[in-house]
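Structural overview for review
What follows is each chain in one-letter form.
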Amino acid sequence: MNAPVREISYSQAIQEAMAIAMESDERVILMGEDIGVYGGAFQVTGDLIDRFGPDRVMDTPISELGGAGVAVGAAVTGLRPIFEFQFSDFAALAMEQIVNQAAKMRYMLGGAVSVPLVMRFPAGSGTGAAAQHSQSLEAWLGHVPGLKVIQPATPHDVKGMLLAAVADPDPVMIFEHKLLYKMKGPVPEGHYTVPLNKAEVRREGHDVSIVATSIMVHKALEAAEVLAGEGVSAEVIDLRSIRPIDQETVIASVKKTSRLICVYEGVKTLGVGAEISAMIAESEAFDYLDAPILRLGGSETPIPYNPELEKAAVPQVPEIVDAARGLVRGVR
Amino acid sequence: MSGRARAMQVETETSNLPFIYRQYEREQLLDALRKMHLIRRFEEGAEECYMRGLIHGTMHLSIGQEASAMGICMPLVNEDQITSTHRGHGHCIAKGADVKRMFAEFFGKTTGYCAGRGGSMHIADVSTGNLGANGIVGGGLPIAVGAALTAKRLRTGKVVVCFFGDGANNEGAFHEALNMAAIWKLPVVFVCENNGYGMSTSTARSTAVANVADRAAAYSMPGVIVDGNVLSDVAEASHDAVERARRGDGPTLIECKTYRYRGHSKSDRNRYRTKDEIDDWMTNRDPIKRYEAQLIEFGIATSDELEAIRNSVQQEIDAGIEFAKASPMPSIDGLADNVYTLEA
Ligand SMILES: Cc1ncc(C[n+]2csc(CCOP(=O)(O)OP(=O)(O)O)c2C)c(N)n1
Ligand SMILES: [Mg+2]
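Residues numbered from 1 in each chain as written. Chains lettered and ligands numbered in written order. Predicted model: local features only at pLDDT ≥ 70, side-chain atom pairs only at ≥ 80, totals over all residues. Heavy atoms only, no water.

Residues and elements named next belong to chain A. Ordered by their spatial adjacency, 7 strands build an open sheet running β3-β2-β4-β5-β7-β6-β12, and the pairing between neighbours is mixed. Looking at the sheet topology across the chains shown, the edges are occupied by β3 (57-59) and β12 (241-243). Strand-to-strand twist of the sheet, defined as the mean angle between neighbouring strand axes without regard to direction, takes the value 20 degrees. Summarising the sheet, strand β6 (residues 148-150) and strand β7 (residues 172-177) pair through 3 bridges and their orientation is parallel. Looking at the pairing, I150 lines up with I174 of β7. Along the sheet, helix α3 (residues 64-77) makes contact with β2 (28-32), β4 (80-84) and β5 (118-123), crossing β4 at roughly 160 degrees. (Pairing = 2+ DSSP bridges. Helix = DSSP H or I, 4+ residues; strand = E, 2+ residues; numbered from the N terminus. Axes fitted to C-alpha atoms, helices over the stretch in contact; angles between N-to-C directions. Contact = heavy atoms within 4.5 Å.)

Looking now at the sheet that holds strand β9 (residues 200-203) of chain A. All names here are of chain A. Pairing is mixed across the open sheet formed by 5 strands, whose spatial order is β9-β11-β10-β13-β14. In this open sheet, the two edge strands, each paired with only one partner strand, are β9 and β14 (294-298). The mean angle between the axes of side-by-side strands here comes to 25 degrees, regardless of whether they run parallel or antiparallel. In this structure, strand β13 (residues 260-267) lies alongside β14, joined through 4 bridges in parallel fashion. Bridging across to β14, I261 finds its partner in L294.

Attention shifts here to the pattern of salt bridges. Across all of its chains, the model carries 38 salt bridges over all chains by this definition. Notably, a salt bridge pairs D168(A) with K148(A), separated by 2.8 Å at the nearest N-O pair. With D168(A) in the loop between α7 (155-167) and β7 and K148(A) in strand β6, this residue pair connects regions lying 20 residues apart in the sequence. For D168(A), a relative accessible area of 11% puts it in the buried group. For K148(A), a relative accessible area of 24% translates into the label partly exposed. In this structure, D249(B) engages R247(B) in a salt bridge whose closest nitrogen and oxygen atoms are separated by 3.0 Å. A single network of salt bridges, built from pairs that share partners, joins D157(A), E200(A), R202(A), D238(A) and R240(A). (Salt bridge = Lys/Arg side-chain N within 4 Å of Asp/Glu carboxyl O. Buried < 20%, exposed > 50% of the residue type's maximum accessible area, 1.4 Å probe, protein only.)

On to helix α9 (residues 247-257) of chain A. Residue and element names in this part refer to chain A. If you check which residues of α9 are buried, you get V250, I251, S253, V254 and T257. An end-on view of α9 places all buried positions within 160 degrees of arc, on one side of the element. Buried residues along α9 sit in contact with β10 (208-212), β11 (234-238), β13 and α10 (272-282). (Arc of directions from axis to C-beta.)

Laid out in structure tokens, this is it:
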């Protein structure tokens, strides 16, 4: 019953999930800019147009607002679009349809319709593409009831969560860090799903909980390895979804370790870390805390072009190590 | 032949010449050629630096589109303003920027036009009227209309030129911007550089009208189509539109039909167009070759003089790259500089 597992990249895992969804359900279509013969700006759709043709792998004009709205209308009336933004930054052009329409339509109509829509957002910094092509805007959408917002960190998860998203009756927003696309990992063949509302403990530990999202999960794991060499045992939680947030897993971890650091690439202020911190402060885990909660997030700046400045604008492994060590040893 | 008869004969001869040869002095004509070479060599230099790992990120080269950038900017004065695009190096140079500081920007250095914060996609030289390239397709369109609103309200006499690509004409911002420019009769010239494709998507597949200029009718402004690879044709259309804007008669939409030789950016497999198509444009319609041929045909320059221009351009490019290499890196302490004008 267990499907064979191979090592494939994060972008191949997405492509595989989309192909499986399209094969099993005629209603699934792909929409986006240059996803056809070009294969997508990050080659995620690749050669899917050769398999499914231009009617199901649709190049849109450069019309984010209209394109997103067409996807909403199609989703409400019987198709299951997977809409690719070329960069997550361009969500800014489509916010109207995402926030005012897709997220609320079911609610406003008293449950008369559903919006089974998937949107994919290549996100994050690290490619030298500067301020308008490097943002991490997941918290924007995380603020909107009616949307589900996920940030898969591994090839395994992105495939399973994308397949869960396509099957989900509500709009699911997937933020994919661009630096993850080439990362390889074990992925089972065939269809499987990963729940959209469950965090995952990636490494167990007892001194400090590091709750991370997306690429920061990998940085946190690296940091945990360094910390282990120094005698500090860090637990790393991959949050996976920011709406909803899996409170149970985070609270249980903090009760065990008594210390919490949140690591995320989005701008620190008013971001995912603020939400997790507040959630812990409001929960029974608060009484277990031995130290203040720390947030490591993106700097309060746009993402700069210069590569050294760009690195300095988002959390890096040494900062995570320093923060965790300081918290555990009581020096900050 | 009397002096007057001679003058008359010269007049009839020149009156048959294309627009720029009637409008501009020899020096200006040669300067335009020089800048077209400067654009091309700049792009090639940037490309080489990128290949050698000296420049990171991505870039969009405008090789093949030099006549459009230069021809549009010929009738402008320094105070006139432009908004540019992701494919904006040529606009920046044509408007008068210094390639030294452009290279420095691409190298991420403090001496760059954006202090190393913007890179290729945000290149700007406000001192020569360039309000900036843009990473957002269509992002510059309403901004140009806003700049034209300022010009009108403050009676500065400035004209604003808004460059954009064919791909941008399907963004809502395009339609909203043209409409407002028209209802308020603003001094703005919309310039669509139609190179046939927005990334991999041909205009035939993306756009419901045959010509982007056809859309001008919907906003009650003149729509003008020119061969974007013929410098004089572009400059003439620009001249007329700029005069109209300066007179207070409102906006114009110019469509320059042109072609980009390189891929869209640094990650293009070129699967959406044929090699024959690219070769045809490069060999038969190259804007620089065509302009040089005219300069020789009309006796404005000798091939030695053209050679000298090319050499001096090469020296300027080499010096620009050296300047960029030698310039200092920004310090990490300055990461948050200029997020706000005043300390937040
Ligand atoms: C709003 C927005 N959508 C998509 C992109 C990605 N993108 C950058 S350039 C480009 C093509 C633009 O085509 P066109 O306007 O014709 O300009 P060209 O590249 O041909 O000069 C695309 C899709 C973007 N930068 N901004
Ligand atoms: Mg184009």
